[in-house]
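# Structural overview for review
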Amino acid sequence: MKCISTFLFFVTIFSSFAYSDTLNLDFESIKEEKPVDWNMFGSDGYITSITSDITQHGKQSVFVEYDGNSPEYGGWSYSIPAKYQGEKIKLTGYIKTENVSNGFAGLWMRIDPSIALDNMSDRGITGTTDWRKYEITLDLKTSSAKSIVIGGLLAGKGKVWFDNFEVFIDDTAILDAPLKEVTLAELDKEFDNGSTVNFPALNNKHLANLDLLGKIWGFLKYHHPAIAKAKYNWDYELIRILPKYLSLKTNEERDDFLLNWIATLGKVAPCITCSETASNAFHKPELSWIKKHQLSLKLESLLNYIYQNRTQGEHYYVGSASDIGNAEFKNENPYANMPYPDAAFRLIALYRYWNMIHYYYPYKHLMDKNWNDVLYQYIKPFVNAKNELEYELTTLQLIGDVQDTHAIIWGGNDAFQQWIGKYYPPINVRMIENKLVIIDYYNPEMQEKVGLKIGDVITKINGINVAELITKRLPFYPASNYPTQLRDLAPDLLRSNSSFIEVSYVKEFVEQSVKLDLYEKKQLDFYQWYRKEKNGESFKVIDNNIGYITLKNIKNDDIKKIKHQLKNTDGIIIDIRNYPSTFVPYTLGSFFTATPSKFVKFTKPNFNNPGEFNFQEALEIPASEDNYEGKLIVLVNELSQSQAEFTAMAFRAGNNTTIIGSTTAGADGDVSQIKLPGNLSTMISGKGAYYPDGTETQRVGIIPDIEVKPTINGIKSGRDELIEFAIDIIKSTNQKLL
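Residues numbered from 1 in each chain as written. Predicted model: local features only at pLDDT ≥ 70, side-chain atom pairs only at ≥ 80, totals over all residues. Heavy atoms only, no water.

Of the regular secondary structure elements, the protein holds 19 helices and 34 strands. The dimensions of the protein, computed from C-alpha atoms along their principal axes, are 80 × 65 × 60 Å. For the protein, with 738 residues in total, the buried portion stands at 58%. Taking the contacts inside the protein whose residues are at least 6 apart along the sequence as the reference set, 76% of them involve residues at least 24 apart. For the protein, the computed accessible surface area is about 31,900 Å², with 48% contributed by carbon and sulfur atoms. A distance of 3 Å separates the average location of the 78 positive side-chain charges in the protein from that of its 91 negative side-chain charges. (Helix = DSSP H or I, 4+ residues; strand = E, 2+ residues; numbered from the N terminus. Buried < 20%, exposed > 50% of the residue type's maximum accessible area, 1.4 Å probe, protein only. Contact = heavy atoms within 4.5 Å. Areas by Shrake-Rupley, 256 points an atom, 1.4 Å probe, with all protein chains shown as cover. Lys, Arg positive; Asp, Glu negative; His and termini not counted. Charge placed at Lys NZ, Arg CZ, Asp CG, Glu CD.)

All right, on to the sheet that holds strand β32 (residues 680-685) then. Pairing within the open sheet is antiparallel, and its 3 strands lie in the order β14-β32-β31. Single-partner strands in this sheet number two, and they are β14 (409-411) and β31 (671-676). Neighbour-to-neighbour, the strand axes of the sheet open up by a mean angle of 30°, direction not taken into account. As defined by bridge partners, β14 adjoins β32 across 3 bridges and the pair is classed as antiparallel. Across the sheet, the residue bridging to Gly411 is Leu680, located in β32. (Pairing = 2+ DSSP bridges. Axes fitted to C-alpha atoms, helices over the stretch in contact; angles between N-to-C directions.)

We now examine the sheet that holds strand β30 (residues 657-661). Pairing within the open sheet is mixed, and its 6 strands lie in the order β23-β24-β25-β29-β30-β34. The open sheet has two free edges, formed respectively by β23 (539-542) and β34 (706-707), since each of these has just one partner strand. By the bridge criterion, 5 bridges tie strand β25 (residues 571-575) to strand β29 (residues 631-636) in an arrangement that is parallel. Looking across to β29, one finds that Ile573 is bridged to Ile633. Relative to the sheet, helix α17 (residues 643-652) contacts β25, β29 and β30, its axis offset from that of β30 by approximately 145°.

Across the 5 residues of β30, 5 count as buried, placing the element largely inside the fold. Judged by which residues are buried, β30 turns out to be covered on both faces: Thr657, Ile659 and Gly661 on one side and Thr658 and Ile660 on the other are all buried. Two elements, β29 and β30, share 5 bridges in a ladder whose sense is parallel. For Val634, the partnering residue across the bridge sits in β30 and is Ile659. Note that the unit made of β29, α17 and β30 has a crossover that is right-handed. (Right-handed = clockwise from strand over helix to strand, strands pointing away.)

Okay, structure coming up:
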């Protein structure tokens, strides 16, 4: 079953607002045999409809029923603008089920953009049940919330009915809840349907001026009090000045124009609470561009004055993501109605992203490129992008320069994904020994039809060498390091918009070719990175008396069992070549420490001084009174990312830990989401993660104590060479002790 949470995210994006003086939460208002303002979603095989035969209240209810062979999910969604003031939002609704299995039924609610989501996956309804009232409560985060999406969901098989929904803001019925104040920025709608700005053929003078404008626009966005207080729609203010700005001929005209523009924002009062950058700050604001652009003395002085008297406290466009500390980028319009934004909005995308990185990315010092130079380099590609695909590819290249594995891209019309291909291979491949190797069949029953064996090395695709294809596509796969780029790129090499491709492969030292049929994704038991096991066990004893734990299946309830059942084993292997299904650094990590052990420290942005990052106190694993005394081996590779890397750092703090494998994805720190025009979304690592001594983890990843990589021969023979190596370490350690 694919990721329901991710799918519900896209349901949120594409649902249109339903709002009137009344809300159709009881499904009683019907038009064309469909409840008014409700949307249906789901995979093939799911039937969503209205019925009057079974109801909890009134004349109608809705249902979802599965009738197919490969269950995923289906359901209903209803969107409401987040125009209400309050702390909490509660959804209640009645649910009746019949033979729900292989999943669950439940209510779901999301607060967008990416503020909160609950789909009852941890307490879903199964089996056959009569009408019963359920509820979901989430933090509303009024200042950031843009939309509220509610609904009912069936994941798996069976049938479920929904009826009589209600929504409350702080226990007040939503239509009676107080409305939040509308800002001047939100009232400005002038360019909602496009900019109408015409760009000339860009020469070096234009590029230099636009480079400066992007930096000043972003500087003012995060420092000027009037913008922080939402007195201006800052995107639209840029559009208003662009036509005149593009016509300026001299530096003197340019600087005078910028001075006058800034003056229209109002005077900046002296700031009595602004403090200087801490002398021990890990990162300090980087404003050298002000001097390097050789501005007039008046303009340079004004920018420096604004910095010295910059806004403090609450900001319309940025803030702290609760107590986590990384940046939350707020009120950034994704312009969802513009899949191919016009040139001015594409320029806004570049300016927006560049400044978010410049002021709020903790790892700017680790980029291969000088970020100050990047803005200039991308102005022409963004302005001149000829279509949606070119715009997405250019955006991907920009994001790739940040070199952060968290920086994937999604949304829009997925022009990039369409370019790669809608048909998927029936085989999973990975780069092993720098070669493209078949490691699995998505559907084992297709093995004979495929005609390729696990361990076969693919050398050409449609007559083009694999190495050439990798070089061509690499810029469009953002990642912290090269192995992780290859991790994401390799499976896509076999995708196509044709239903078959020609594959050349090596068999018994001879290159051969075969026609490989491709399939729609839904036809395959497709998985990304590794196969997730339904109801799989998280631990077992292998090789007589060695404990093996995989974090891809682990549950909180397993921790106590692990400590009891594996306490007296000869050694324990923890496999984190996956993404942990439960957060275990402290609960399980303490099993391997006899004394409190510091394992990580973070840098956190200072929102009152954009660009400043400071170290927080190191976190530590608590001591265990009954800790494990045997050898611990932790397995990692390029599939180990983010929380997996954080968890590996926690285990490394143990008394007797050895990490084996290969470099991890190199993307640690809680993520911050970024929205760009064209309804594109991406992310960055929002806090800097370091070992207690200050050693970097970003890009370099968790470096294993012993490097062990799978081999082609091992793949062919079905062996897991990392587990074999771990077993040998544990046995040799125990022999030495004897």
